[in-house]
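Results of the structural survey
In case you want the letters, here they are:
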Amino acid sequence: MTHAVSPAQAAGQPGTPSLYGGTSTRRITIRDLAAAKERGEKWPMLTAYDAMTASVFDESGIPVILVGDSMGNCHLGYDTTVPVTLDEMTLLSAAVVRGTKRALIVGDLPFGSYQEGAVQALRSATRLVKEAGVGAVKLEGGERSLRQTELIVESGIPVMSHLGLTPQSVNAMGYRVQGRTDEAAHRLLRDAKAAQDAGAFAVVLELVPAELAAEVTRSLHIPTVGIGAGAECDAQVLVWTDMMGLTQGKLPKFVKQYANLRQTMGDAAKAFAADVAGGSFPQEQHSFH
Ligand code: KIV
């Protein structure tokens with residue numbers, strides 16, 4: 001991403017209205033994100049599933065952290081996001097909230113915690129806000145989750161909507177780019193408008209052609225958050241274990257890998273094992289007498 005002013009510079013300029021840092025220690029709110037869209041300021045979102053990782057991202061100025069149900073694959077060892085429970089989401093969301101001071105924390109409503117209807121959705125969202133302390137929740141679907149979104153928003157809980165590829169429906173739709181036919185593109189636009197009209201404060205667009213994501217972004221007054229949806233979205237999100245190189249195996253095409261933590265951690269573990277086997281750890285400075 002090219003910035004006329006780097007995030008760090010923007011953060012250091014007094015009075016600069018930026019989501020990237022600065023002197024304010026209050027939490028980012030959905031109003032800050034709406035103002036960023038008006039200014040044309042793009043912002044990053046990362047996932048996190050524990051307090052320590054979240055604290056690193058918070059200190060780095062990441063304004064929005066998603067406790068995604070990708071925790072199923074990335075943290076809990078499930079094959080998909082489908083088995084993730086509201087108990088698991090509540091436990092890990094609370095850890096992320098405790099590890100952060102500034103970022104807006106968005107908690108995913110897991111599969112099965114909102115599909116029954118608006119009342120079930122509100123009960124699940126309320127639990128994430130009361131017990132974990134998240135500032136907003138995310139749910140999948142536009143028109144199909146309309147009543148859920150409306151009731152949660154009416155009750156005072158901000159909702160982020162998730163469209164395009166919706167991983168909780170993997171058994172029905174598989175993992176492939178969405179919105180490629182005219183009909184599917186129109187449906188996605190309708191879903192995005194429905195989510196906005198129902199009161200959502202942002203829309204995640206996952207695996208959507210860049211041109212369609214750009215059109216959705218232009219036609220909404222709320223921010224779009226892209227993942228595999230091109231450069232024109234108002235924000236971009238990546239799963240932290242993918243972008244840090246911790247995920248095993250082939251990464252999706254849309255991921256940019258910024259570090260190789262799998263290599264770094266593996267090398268450190270091997271060095272520790274060799275030290276212990278060879279008797280060179282612990283040494284005098286690590287010992288008590
Ligand atoms: O669960 C998750 O991490 C997500 C992102 C991919 C947007 O929903």
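Everything discussed here concerns the structure shown above.
Think of each chain on its own: its residues are numbered from 1, step by step along the sequence as written. Note on the predicted model: pLDDT of at least 70 is required for a residue's local features to be given, and 80 or more for side-chain atom pairs to be given and counted; whole-chain, interface and lining totals, by contrast, use all residues. For the side-chain quantities, the full set of heavy atoms in the structure was used; hydrogens and water were omitted.

A separate point is the pairing of strand β6 (residues 202-206). Three labels apply to residues, based on accessible area from a 1.4 Å probe with only protein chains included: buried if under 20% of the type maximum, exposed if over 50%, partly exposed otherwise in between. Helix and strand assignments come from DSSP, with helices taken as H or I runs of at least 4 residues and strands as E runs of at least 2, each series counted from the N terminus. In terms of burial, β6 is a largely internal element, five of the five residues being buried. Burial of the side chains of β6 extends over both faces: A202, V204 and E206 are buried on one face and V203 and L205 on the other. Two strands qualify as a pair provided DSSP detects at least 2 bridges between them. In terms of strand pairing, strand β5 (residues 159-164) meets β6 through five bridges, oriented parallel. Across the sheet, L163 pairs through a bridge with L205, a residue of β6. Relative to strand β7 (residues 224-227), β6 runs parallel, the two being bridged by four bridges. The residue bridging E206 from the neighbouring strand is I227, located in β7. For the crossover that starts at β6, traverses helix α10 (residues 210-219) and ends in the parallel β7, the hand is right-handed. Handedness of a crossover is defined as follows: with both strands directed away from the viewer, a clockwise route from the first strand across the helix to the second makes it right-handed.

Glancing now at the packing of aromatic side chains. Centres within 6.5 Å make a pair out of two Phe, Tyr or Trp rings, where for Trp the six-membered ring is used; the pair is then stacked when the planes are under 30 degrees apart, edge-to-face when over 60, and tilted otherwise. Within the structure shown, the criterion is met by two aromatic pairs. Pairing F272 with F281 gives two aromatic rings, centres 5.9 Å apart and planes at 70°, and the pair type is edge-to-face. The class for F281 is partly exposed, based on a relative accessible area of 34%.

What follows deals with a nonpolar patch on the surface. By definition, no residue in a patch forms a salt bridge, and every one has over 30% relative accessible area; like charges are joined within 9 Å, nonpolar side chains (Val, Leu, Ile, Met, Phe, Trp, Tyr) within 5 Å. Using a 1.4 Å probe, the Shrake-Rupley method yields the accessible areas, and only the shown protein chains count as cover for residues. Put simply, a salt bridge is a Lys or Arg side-chain nitrogen that is within 4 Å of an Asp or Glu carboxyl oxygen. A contiguous nonpolar surface patch, about 280 Å² in accessible area, is contributed by F272, V276 and F281. Looking at the element boundaries, F281 is found in the segment after α12 (261-278).

Time to look at the site of the ligand. Near, as used in this document, describes a residue that has one of its heavy atoms within 4 Å of the molecule or strand being considered. The ligand sits among T47, L66, G68, D69, S70, D108, K138, H162, V204, E206, I227 and V239. Here a polar contact means two N or O atoms within 3.5 Å. Within protein one must be a hydrogen donor candidate and the other an acceptor candidate, and residues neighboring in sequence count only if both atoms are side-chain atoms. A distance of 2.5 Å separates an oxygen atom of the ligand from a polar atom in the side chain of S70. With respect to the ligand, the side chain of D108 contributes an N or O atom lying 3.3 Å from an oxygen atom. In isolation the ligand exposes 260 Å². Once the protein is present, 96% of that is buried. Residue polarity follows a fixed list, in which Ala, Val, Leu, Ile, Met, Phe, Trp, Tyr, Cys and Pro are nonpolar, Asp, Glu, Lys and Arg are charged, and the others, Gly among them, are polar. The class makeup of the residues in the shell around the ligand is four nonpolar, four polar and four charged.

As far as function goes, none of this settles anything; it's purely spatial.
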